[in-house]
Amino acid sequence: MSLHIGRPGLLTTIQDAGRPGYRQAGVSVGGPVDPRALRVANALVGNAPGTAALEITLLGPTIRFSTDHLLALTGADLSATLNGQPLPLNRAVAVRAGTELSFGRPKAGCRAYLAVAGGLAVPTVLGSRGTYLAAGIGGLAGRALRADDVLPVAAPGAVRQRQLLLARSPQLPRVAASWFADPALTPRPEVAPLLRAVPGPEYGQFTAASQRAFWAEEFRVTPASNRMGSRLAGPALLRSAYAPELLSAAVTFGTVQVPPGGQPIVLLADHQTTGGYPRLALVAATDWSRLAQVPPGGVLRFQEISLPEAQQLYMEQEQQLRQLERAVALRPM
Amino acid sequence: MPDSSRLPAALPPRLYPLGETAVVLEFGAVISEATNATIQAVAKYLLAHPFEGLVELVPAFTTLTVFYDPWQVCTAGGGSPFEAVAAHLRNQLAQLPAIGASRETGPAVEIPVCYGGEFGPDLAMVARHCGLSEADVVARHAGAEYQVHFIGFAPGFPYLGGLPTELATPRRASPRPQVPAGAVGIAGAQTGIYSLPTPGGWQLIGRTPERLFRPEAANPSLLRAGQQLRFMPITAEQFRHWPAAR
């Protein structure tokens, strides 16, 4: 079982839950920039959370399926089609051998996730199949996909095998399963999202005007953004003249750090493990998806919430995701 | 010899959240060997007595960041996961002064370095800046003992303390587009070793044939926080025939 890549797309990488546990060795956790979208995609095809799938950025690849597959596409709407027919998002879909998946114009969002039942069976490096571009490890030879790559797929479990039999119906090339994810878990990417964020450890060192500007003004995602961070352009955010010199310390996904020039960087999946810039705020984990889906040129704003609120949102979303994972496991096609 | 006398000064640390999944323990604001030893001792203790939901620890110059899984953190009391973790850590830290700092006791890790020539294109510049001969720069750089404060910036990249002050040299005016893995450099009062090929602005005085990042190993970083380190001069001939991995 395998996926055959035609055009590779702009930046298509294999991602799973990443490699937590190696931060003290300087190794980024990595994983999907939109962790919720990957998790929903895996849940829809009955994969365990964190099974290896494709992260597709803006301009998607073309993929031919060597055998019948059960797949799900989540996250950005990048005009996906199966043999020319629109592919619905956020649904499990059975496809027959020989079907071609392709993408067109990005309509909403920036990153889509393609999960196939069984998962991509590339070797693990430091416990993960995910691609870590900066270190050149994981995924397929530590790099983004190229034309003519062939991605092995592990055999799905027995239940999914039976469901795939349905794919041998005359309705092909595709049959959508009857289940889909709770719309609350799969919102259509917004044009100018409001990202909830908690003030960071050095928030108090910024001038009152900069604090106000951070919550009130709009920021644009610049083309210098990548999987390490979203570089923003907006009003300059400055620390007060008396702010102390900072020593490098741990940073995490969602950290809004501000270099001396005053233009913030929001750290994403492949961020460095430590940083020495002031940490102005932290984007709530539930809003990493919104952040991940703003393409270069897009705008976003921030809304202040408290840490207890952020943790409450985190627990609620985790509850919803676990419910989805359990529900699909029990569902016939 | 455990150095417990210095511990109470840095304890208890300031404790603050870093998002929904981490708590930072901050042990003062000054880089020092004592702080480094305290952080190592606390890390060792927390790993030996992990709480439910502990994910991993990230040491830095004066901080130890504790990552946790909020879902796994039991919040029977109805408080937030952060409050539960913070309360638990305060409890654990209260027991620490009795434990003592655990400094690495073994011999210093030796990092072979071929100084100068094609391996250290900025050695002459550093020597000029410091008013020393190239041989003096090498002797002083290789004569000092360094502490690995922590690994960060890139996989396997050590932040080292202990550069002799007379070797401090500013960064290059314009960074090189590509610095090879293993390059040993000086930037201001710091010295370090590039662990991956990256762009970089440090003054390169030599290169080690050792691989600092080894993704095939269970411990992917050759070095770890708390170790002592020395540089050992080798010839270009030795560099070329250095065994691939230890």
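Residues numbered from 1 in each chain as written. Chains lettered and ligands numbered in written order. Predicted model: local features only at pLDDT ≥ 70, side-chain atom pairs only at ≥ 80, totals over all residues. Heavy atoms only, no water.

As annotated in an unreviewed UniProt entry, chain B is 5-oxoprolinase subunit PxpB from Hymenobacter terrestris.

Under an unreviewed UniProt entry, the name given to chain A is Biotin-dependent carboxyltransferase family protein, and the organism recorded is Hymenobacter terrestris.

Things to note about the overall build of chain A
A count of helices and strands for chain A gives five helices and 21 strands. Expected size for 333 residues packed as a compact globule is a radius of gyration near 20 Å; at 20 Å, chain A falls within 12% of this value. In chain A, which comprises 333 residues, the share counted as buried stands at 58%. Long-range pairs, those at least 24 residues apart, make up 77% of the contacts in chain A with a sequence separation of at least 6. Averaged over its 31 positive side-chain charges, chain A has a centre that lies 6 Å from the centre of its 21 negative ones. (Helix = DSSP H or I, 4+ residues; strand = E, 2+ residues; numbered from the N terminus. Rg over C-alpha atoms; globule rule 2.2 N^0.38 Å. Buried < 20%, exposed > 50% of the residue type's maximum accessible area, 1.4 Å probe, protein only. Contact = heavy atoms within 4.5 Å. Lys, Arg positive; Asp, Glu negative; His and termini not counted. Charge placed at Lys NZ, Arg CZ, Asp CG, Glu CD.)

What to know about the packing of aromatic side chains
Residue and element names in this part refer to chain B. For the structure on display, the rule yields 16 aromatic pairs over all chains. Between F157 and Y194, the ring centres sit 6.5 Å apart and the planes meet at 70 degrees, which makes this aromatic pair edge-to-face. One end of the pair, F157, is in the loop between β6 (146–151) and β7 (158–161); the other, Y194, is in the loop between β10 (190–193) and β11 (198–200), with 37 residues separating them in the sequence. Residue F157 shares its accessibility class with Y194, and that shared class is buried. When the ring of F157 is compared with that of W202, the centres are 5.8 Å apart and the planes differ by 85 degrees; the resulting orientation is edge-to-face. Here the residue F157 occupies a position in the loop between β6 and β7, and W202 occupies one in the loop between β11 and β12 (203–207), the gap between them amounting to 45 residues. (Phe/Tyr/Trp six-rings, centres within 6.5 Å; stacked < 30°, edge-to-face > 60°.)

A closer look at the layout of surface pockets
The space that makes up the second largest pocket amounts to roughly 1100 Å³. Of all the secondary-structure elements, those providing two or more residues to the lining of the second largest pocket are α1 (35–44), α4 (288–292) and α5 (307–330) of chain A together with β4 (63–68) of chain B. Residues that form the lining of the second largest pocket fall into these classes: 17 nonpolar, eleven polar and seven charged. (1 Å grid on protein atoms, 1.4 Å probe; cavity = no way out; pocket = protein on both sides within 12 Å on 5 of 7 lines; lining within 4 Å. Points joined across faces, edges and corners; volume = space filled by probe spheres on them. Nonpolar A, V, L, I, M, F, W, Y, C, P; charged D, E, K, R; others polar.)

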